[in-house]
Amino acid sequence: MRQPTGKWIEIAGTNIHYWDWPCDQDTNLPVLVLAHATGFHGRVFDALIDGFPQNRAISLDLRGHGRSNGEPIENWVTISDDITALLKTLNITNAVGIGHSMGAHALLQSAHDEPAALSKLVLFDPTIFAPEFYAQAGPLFTPDNPHPAIKRKRHFASAKAMMERFSDREPYSLFDRRVFADYCTYGVSPTTDGDGMALSCSPEFEAGIYASSRSNAGIIDAARALQQPALIIRAKQIGPGNFMSSPTWPQLASIMPNATDMHRPDRTHFHPLEDPVDAARIIAAVIAA
């Protein structure tokens, strides 16, 4: 089983970390570029990446997540700009972009901004809303009325303690057990005072992501202009405010020149974390097409 190497790159004065899985031998197969959801990190894709031993895979710790640095952001374009800069610096071309939730949003924007880098997209439940959502002014949440993520428990005695706390709670109880273990193992880091572990993505950063979720109004125009083939996988819609509900505008694929919609009402918003084997099967079909 391959093990990745952790690497850093400085982008606009911020250290961005990514995990690099080399391929077993020189091949002409495309590089896989993976971008995770808000509050997660690059290692939640380990089980999925195992399905592609012949492909080089680059899984990012997005700004403010995992081992990457970064202060809370006000515009999601900051995340897509990080991806674009990283791909240009690494000379990545004709790669397959695989994104989940906010990471899928960022990959679509990056593919629009730097078309040579990503030749195909597989987007699991991208956080892209209907156009009227972006027409509204101002952030969804404010310092006086922050997103509930601000109250997330941040300190744990250990990664094992985090596993024990969340193992039976939704949505974590739905995750593939290996994915859940990877989420906890790589989702915390030692506290500065050495007393236990803390979430690598702070509650403040996570809450800021949700507060700024309508900041990139240009994502609709980017989707309309995107020429690369894209598969949009949508999970079931449960209702507003439910983390397991699909946030994806159902008509997204219909406005894109070369996109296909795949509705999966048998899955929640955490599809690639619930069933990485199924997610890998979907990705493999896109690569082979």
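Here, the structure is the one placed above.
Residues numbered from 1 in each chain as written. Predicted model: local features only at pLDDT ≥ 70, side-chain atom pairs only at ≥ 80, totals over all residues. Heavy atoms only, no water.

Some details on helix α3 (residues 102-113)
Working step 1: If you check α3, its first and last C-alpha atoms are 17 Å apart, about what twelve residues at 1.5 Å a residue would give, namely 16 Å.
Working step 2: Burial of α3 is extensive: ten of the twelve residues sit out of reach of the surface.
Working step 3: When we look at burial in α3, the residues that qualify are M102, G103, A104, H105, A106, L107, L108, Q109, S110 and A111. (Helix = DSSP H or I, 4+ residues; strand = E, 2+ residues; numbered from the N terminus. Expected span 1.5 Å × (residues − 1). Buried < 20%, exposed > 50% of the residue type's maximum accessible area, 1.4 Å probe, protein only.)

As for the layout of surface pockets
Working step 1: Taken as a whole, the largest pocket holds about 1100 Å³ of empty space.
Working step 2: Along the walls of the largest pocket sit 48 residues, with H147, Y210, G241, N242 and F243 positioned nearest its centre.
Working step 3: Ranked by residues supplied to the lining of the largest pocket, first place goes to helix α7 (residues 203-211) with three residues.
Working step 4: Of the residues contributing to the lining of the largest pocket, the split by class is 24 nonpolar, 18 polar and six charged.
Working step 5: Along the wall of the second largest pocket there are 18 residues; nearest its centre are F141, T142, P143, G208 and A211.
Working step 6: Here the lining of the second largest pocket is built from residues that sort into nine nonpolar, six polar and three charged. (1 Å grid on protein atoms, 1.4 Å probe; cavity = no way out; pocket = protein on both sides within 12 Å on 5 of 7 lines; lining within 4 Å. Points joined across faces, edges and corners; volume = space filled by probe spheres on them. Nonpolar A, V, L, I, M, F, W, Y, C, P; charged D, E, K, R; others polar.)

Topic: the pairing of strand β1 (residues 5-11)
Working step 1: When β1 meets strand β2 (residues 14-21), the two strands line up antiparallel, connected through seven bridges. Bridged to G6 within β2 is W19. (Pairing = 2+ DSSP bridges.)

Structural notes on the pattern of salt bridges
Working step 1: For the structure shown, the criterion picks out 15 salt bridges.
Working step 2: Note that R152 and E206 form a salt bridge whose closest N and O atoms lie 2.8 Å from each other. Residue R152 is located in the loop between α4 (131-135) and β7 (155-156), and its partner E206 is located in helix α7; the two are separated by 54 residues in the primary sequence.
Working step 3: The closest approach of N and O atoms between R224 and D221, which form a salt bridge, is 3.8 Å. With a gap of three residues between them, R224 and D221 both fall in helix α8 (residues 219-225), about one helical turn apart.
Working step 4: Residue classification places D221 among the exposed positions, given a relative accessible area of 52%.
Working step 5: When salt bridges with common partners are traced through the structure, they connect R264, D266, D278 and R281 into a single cluster. (Salt bridge = Lys/Arg side-chain N within 4 Å of Asp/Glu carboxyl O.)

Topic: empty space enclosed by the protein
Working step 1: Taken as a whole, this structure holds one cavity of 30 Å³ or more when the rule is applied.
Working step 2: In this structure, the largest cavity occupies an estimated 40 Å³ of space.
Working step 3: Lining of the largest cavity is provided by I16, L60, D61, L62, R63, I79, D82 and I83.
Working step 4: For the lining of the largest cavity, the elements supplying multiple residues, two or more each, are β4 (57-61) and α2 (77-89).

Regarding the packing of aromatic side chains
Working step 1: Enumeration according to the criterion identifies 15 aromatic pairs in this entry.
Working step 2: Summarising the aromatic geometry, the rings of F175 and F270 are spaced 5.6 Å apart at their centres and angled 50° between planes, so their arrangement reads as tilted. Pair noted here: F175 is in the loop between α5 (159-166) and α6 (177-186) and F270 is in the loop between β11 (259-264) and α9 (271-274), with a separation of 95 residues, a long-range link. The two residues F175 and F270 agree in class, both being buried.
Working step 3: Here the basic side chain of R43 rests over the ring of W19, its NZ or CZ set 4.5 Å away from the ring centre.
Working step 4: Across the ring face of F133, the terminal group of R214 is positioned such that the distance to the ring centre comes to 4.9 Å. (Phe/Tyr/Trp six-rings, centres within 6.5 Å; stacked < 30°, edge-to-face > 60°. Lys NZ or Arg CZ within 6 Å of the ring centre and 35° of its normal.)

With respect to the sheet that holds strand β9 (residues 197-199)
Paired through their backbone hydrogen bonds, the strands of a sheet run either parallel or antiparallel.
Working step 1: An order of β7-β9-β8 is seen for the three strands of this open sheet, with the pairing classed as antiparallel. Lying at the two open borders of the sheet, with one neighbouring strand each, are β7 and β8 (188-190).
Working step 2: As defined by bridge partners, β7 adjoins β9 across two bridges and the pair is classed as antiparallel. Looking at β9, one finds that H155 is bridged to A198.

Digging into the side chain of H100
Working step 1: Mapped onto the elements, H100 comes out in strand β5 (residues 95-100).
Working step 2: Owing to a relative accessible area of 2%, H100 belongs among the buried residues under this scheme.
Working step 3: If we skip the residues at most four places from it in the chain, H100 touches A35, H36, A37, F45, F124, H269, F270, P272 and L273. (Contact = heavy atoms within 4.5 Å.)

Section: the environment of S189
Working step 1: Among the secondary structure elements, S189 is positioned in strand β8.
Working step 2: Between the C-alpha atom of S189 and that of C201, which follows or precedes it by twelve residues, the distance is 9.6 Å.
Working step 3: Beyond its immediate chain neighbours, meaning those up to four positions away, S189 contacts G196, M197, A198 and S200.

Some remarks on the pairing of β4
Note on strand geometry: in a regular strand, side chains alternate between the two faces of the sheet.
Working step 1: Counting buried positions along β4 gives five out of five residues, so the element sits mostly inside the fold.
Working step 2: Along β4, one buried face is formed by A57, S59 and D61 and the opposite face, lined by I58 and L60, is buried too.
Working step 3: Relative to β4, β2 runs antiparallel, the two sharing five bridges. Looking at the pairing, W19 lines up with S59 of β4.
Working step 4: Where strand β3 (residues 32-35) and β4 come together, three bridges link them in parallel fashion. Bridging across to β4, L34 finds its partner in S59.

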